[in-house]
Amino acid sequence: MYHQPLHLLCTSNAQNICLNSYDLCVSYAEQQDENTVEFSHSHPKEFEIYYVQEGTLEQIVKGELLTLSKGDFLLLKQGISHGVLYKPNQKKSYFTMVFSLQERSQPYYKNGLNDAEKLHVNTFLNLMSQKEYIVCKDTKNCQEYIRQMTDEFYQQDWGWFYKLQFLYASFILTAVSNFIPPIQTETFGPVRNLPIEFTKFLHANYPNPDLSLQDVADYFYMSPRHVNRLFKDFFGASLSRTLTRYRINYAKNYLIDTDFSVDEIAVKVGFSSASTLSRLFKEVEGITISEYRYQYRRQKTPSSDE
């Protein structure tokens, strides 16, 4: 009895892959050959890619015959009727993937790339809204991603399902990059890692007792309200609270490694007075400065039993 061989490269459940501002949902991935019988069909809400690995693939798209050869891929818009012309004597192997893109209500990460990501995705979606399908020669070696998918799916080494998701996304993004022209993103400037920039700024300026929210806002060309909101997002506390933590942590070094008085340490770490340092230290650490200094100096002193 003849039957269609199955070479699925995905699990039975759709794979949702977070691209940050978008979710990439892969509902089907399979390697196929000349024994595959495919009826005319469409995917109302999903795109589909056919990638020819070996031989020749004849595809009927809305009644039009398309002939694809090794290294060609066909990208179909949602809702376009299509099907492979069945020729069992026509040796071939090809890969198919069905996927969709959904914009998230909130980006997964706040990494400064959200605008650039939306520009790139919208460029793709706008292009596909004008075309029913695209045939293109692969110049990016997408075949390598398929090979890695096959290895991960059948070997199932540790973490294979995570690596498979990465390969799905890499295959789709690389395939699309074959026909999307270069996109100018200079208007976004260099990608900024604001948590790191904030951290460096505080390390450099914490000794200044007059350092204010407005100073930070001016340095980063932001409003004070926006700066405070970002600090709460990144560090879980306001700028004032974060700065206090920095100063107390630096004070610990002086308490352990020097004989400086509390007044001297307060000046060095940016507190207005020794009493302010003492009060905030007890509030944050749960013990007094004297108790902290005694506790850690005792740990550094060898016991008489040694």
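Model, not experiment: these values are computed from the prediction.

Turning to the overall build of the protein chain, a few remarks are in order. Helix and strand counts for the protein chain stand at 10 helices and eight strands. For the protein chain, the spread of C-alpha atoms along the principal axes amounts to about 90 × 55 × 30 Å. Considering the protein chain as a whole, with its 306 residues, one finds that 40% of them fall into the buried category. Sequence separation of 24 or more characterises 70% of the internal contacts of the protein chain that already satisfy a separation of 6 or more. When the accessible surface of the protein chain is totalled, it reaches about 17,600 Å², and 52% of it is carbon and sulfur. When the 31 positive and 35 negative side-chain charges of the protein chain are each reduced to one mean point, those points stand 5 Å apart.

The relative placement of two aromatic rings is captured by the distance of their centres and the angle of their planes. Under the definition given, this model contains 22 aromatic pairs. Measuring from centroid to centroid gives 4.4 Å for Y292 and Y296, while their planes differ by 35°, and the two rings are tilted. Placement of both Y292 and Y296 in helix α10 (residues 289–300) is noted, with a separation of four residues, approximately one turn of the helix. By the ring-pair criterion, three or more aromatic residues cluster together here, those being F198, F201, Y219, F220, F231, F234 and F235. Across the ring face of F271, the terminal group of R247 is positioned such that the distance to the ring centre comes to 5.9 Å.

In an α-helix there are 3.6 residues to a turn, and that puts residues three or four apart on one side. In this model, helix α6 (residues 224–235) (12 residues) spans 16 Å end to end at C-alpha, consistent with the 16 Å of a helix rising 1.5 Å per residue. In this structure, the buried side of α6 is in contact with α4 (194–205), α5 (213–219) and α7 (239–257). Positioned one or two residues after α6, G236 has a phi angle of 75°, which is positive.

This part is about unusual backbone geometry. Across residues other than glycine, the phi torsion is negative in most instances, and most of the peptide bonds are trans. Its identity is not glycine, yet N20 carries a phi of approximately 115°, on the positive side. In the Ramachandran plot, K62 falls in the positive-phi region, its phi being about 50° despite a non-glycine side chain.

Here we take up the packing of α6 against α7. Running from N to C, α6 and α7 cross one another at 55°; their axes reach a closest spacing of 8 Å. In this view, α6 runs oblique relative to α7, as classed from their interaxial angle. Only L239, T242 and R245 of α7 make contact with α6, whose side of the interface consists of N228, F231 and F235.

The next thing to look at is α7. Taking 1.5 Å as the rise per residue, α7 with 19 residues should run 27 Å; its terminal C-alpha atoms sit 28 Å apart, in good agreement. Those residues of α7 not exposed but buried are L239, T242, L243, T244, Y246, R247, I248, A251, K252 and L255.

In summary, the side chains of a regular strand alternate between the two faces of the sheet. When strand β3 (residues 47–61) meets strand β4 (residues 64–69), the two strands line up antiparallel, connected through six bridges. Its bridge partner lying in β4, V61 is registered against E64. Connecting β3 to the antiparallel partner β4 that follows it, the hairpin turn spans two residues, and K62 within it adopts a positive phi of roughly 50°.

So, how was this worked out
- Residues numbered from 1 in each chain as written.
- Predicted model: local features only at pLDDT ≥ 70, side-chain atom pairs only at ≥ 80, totals over all residues.
- Heavy atoms only, no water.
- Helix = DSSP H or I, 4+ residues; strand = E, 2+ residues; numbered from the N terminus.
- Buried < 20%, exposed > 50% of the residue type's maximum accessible area, 1.4 Å probe, protein only.
- Contact = heavy atoms within 4.5 Å.
- Areas by Shrake-Rupley, 256 points an atom, 1.4 Å probe, with all protein chains shown as cover.
- Lys, Arg positive; Asp, Glu negative; His and termini not counted.
- Charge placed at Lys NZ, Arg CZ, Asp CG, Glu CD.
- Phe/Tyr/Trp six-rings, centres within 6.5 Å; stacked < 30°, edge-to-face > 60°.
- Lys NZ or Arg CZ within 6 Å of the ring centre and 35° of its normal.
- Expected span 1.5 Å × (residues − 1).
- Axes fitted to C-alpha atoms, helices over the stretch in contact; angles between N-to-C directions.
- Parallel < 35°, antiparallel > 145°, perpendicular 65-115°, else oblique.
- Pairing = 2+ DSSP bridges.

Structural measurements only, silent on function.
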